[in-house]
Amino acid sequence: MEYSLICHNLYAFSYSPVKKKLLLLCIMFLLWVYMLYSCVGYCTTMPSLVVDTYRGKETESAGKRTASGRAELMSKLLPRPQSWVDLESDYDEPSVRTASRDLLNNEIEVDRADDWDEIRGEQRSPEPSAMSSFSNGSGSKKLPQAIIIGVKKGGTRALLEFLRVHPDIRAVGAEPHFFDRNYDNGLDWYRDLMPKTLEGQITMEKTPSYFVTKEAPARIYAMSRDTKLIVVVRDPVTRAVSDYTQTLSKKPDIPTFESLTFKNRTTGLIDTSWSAVQIGIYAKHLDNWLQFFPMRQILFRIITDKHFYFNQTKGFPCLKKAEGSSKPHCLGKTKGRTHPNIHPEVLQRLRDFYRPFNMKFYQMTGHNFGWD
């Protein structure tokens, strides 16, 4: 009975003209809603498909560029072997005068203060490539595969800033001084100072005093005999003046450059116990490194005026715009100090002193740096 009533109602509804039109309108409305829903869903998926396809191509292209850039970078970090003649050193370790040693100890504190000035001066947002790579906290801390070991006042900070532009370089901003001052803290302490790196990226640090530290070569070799070493060299005479200028900026009451340079001003005997003079005897220090590392693992670089321009607003030199960088980068306020006037005779005496050591250094490295 109940089933017959339902059938009757449906039959009556289907033959009612008004109700029949309402039914058709409802069906058409439902079809329209379904089509609209389908179109909206299709449109929302289309952009993501296009973006994903583009990202895939971009990732593939970036991978090729990264691989090419890494190969080029490593070729520069790994110079070709250079022939050199092992000569007996004609340098005897000088006796240390009390006044010069006191000044040397003071210069250690000056270096530390200058390190922090550089770090304060270089605070800035990370490069976009570095930000994108490490925004999710990925990567791990590793011991450095390459170290800028010297020399002081040779342009090590400028070189580090150039290298940090490359997306495959991750470097510590401050100088760790692990292999000279903090070695007792252990390798775990040293590793913890390093930035996180991804697979294929190079971890670096720079501490210029390593080059003149007798224990540094053996300690770095003990960490890894494959470590690549970078030395930034400079005319030892102008390097000594720059070294003195840095100390003078922190301690205005120190003796004059001339009085520190000579043991005896009348005879012109150079005081090699003064660190500003001693650092420039590159052949002596390099010989210490070659006891542990072959020449093919040591790369020598020169930073010159062509890498900088004088920023009138800031009042000191800034790095020229590097490839891949949106703007030039200015070094810290401690850079670009004006050198004091030194008597030409003093500078000439220094050049005469350094000449035989320079010649030996040219022979050891297989490169004439033209300092004479």
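In the block above lies the structure referred to throughout.
Counting starts from 1 at the beginning of each chain's written sequence and moves along it residue by residue. Local features in a predicted model are, by the rule used here, given only for residues with pLDDT of at least 70; side-chain atom pairs are given and counted only at 80 or more, and totals for whole chains, interfaces and linings are based on all residues. The side-chain figures draw on all heavy atoms in the structure; neither hydrogens nor water molecules are used.

Colleague: Lay out the pattern of salt bridges with the relevant residues and their values.
Modeller: We define a salt bridge as a contact between a side-chain nitrogen of Lys or Arg and a carboxyl oxygen of Asp or Glu at a distance within 4 Å. In the structure shown here, the tally under the stated rule is eleven salt bridges. The shortest N-O distance in the salt bridge between E345 and R265 comes to 4.0 Å. Taken together, the residues E345 in helix α12 (residues 344-365) and R265 in the loop between β7 (262-264) and β8 (269-270) connect sequence positions 80 residues apart. Partly exposed describes any residue whose relative accessible area lies between the buried limit of under 20% and the exposed limit of over 50%, with all areas from a 1.4 Å probe on protein chains only and scaled to the type maximum. Classification of R265 as partly exposed rests on a relative accessible area of 38%. Overlapping salt bridges, with partners in common, bring together K152, R239 and D243 in one network. Helix and strand assignments follow DSSP, with helices taken as H or I runs no shorter than four residues and strands as E runs no shorter than two, numbered in order from the N terminus.

Colleague: I'd like a description of the packing of aromatic side chains, backed by residues and values.
Modeller: Here a pair means two rings of Phe, Tyr or Trp (six-membered ring of Trp) with centres within 6.5 Å. Their orientation is stacked below 30 degrees between planes, edge-to-face above 60, and tilted elsewhere. Applying the stated criterion across every chain, the model contains 24 aromatic pairs. Seen from their ring centres, W289 and F293 are 6.3 Å apart, and the 35 degrees between their planes marks the pair as tilted. Each member of the pair W289 and F293 is classed as buried. Through successive ring pairs, a cluster of aromatic residues spans F211, Y282, F300, F361, Y362, F369 and W371.

Colleague: Would you mind going over the sheet that holds strand β3 (residues 169-171) in detail, with residue names and values included?
Modeller: Note: two strands are recorded as paired if DSSP finds a minimum of 2 bridges between them. The five strands are arranged β3-β5-β2-β6-β9 in an open sheet whose pairing can be described as parallel. Single-partner strands in this sheet number two, and they are β3 and β9 (298-301). Between one strand axis and the next, the sheet turns by 25 degrees as a mean value, whatever way the strands run. Bridging between strand β6 (residues 228-232) and β9 involves four bridges; their strand directions are parallel. Note on β9: the bridge partner recorded for V231 is F300. Whenever a helix is involved, its axis is fitted only over the stretch in contact; in every case the axis is a line through C-alpha atoms, and angles between N-to-C directions fall within 0 to 180 degrees.

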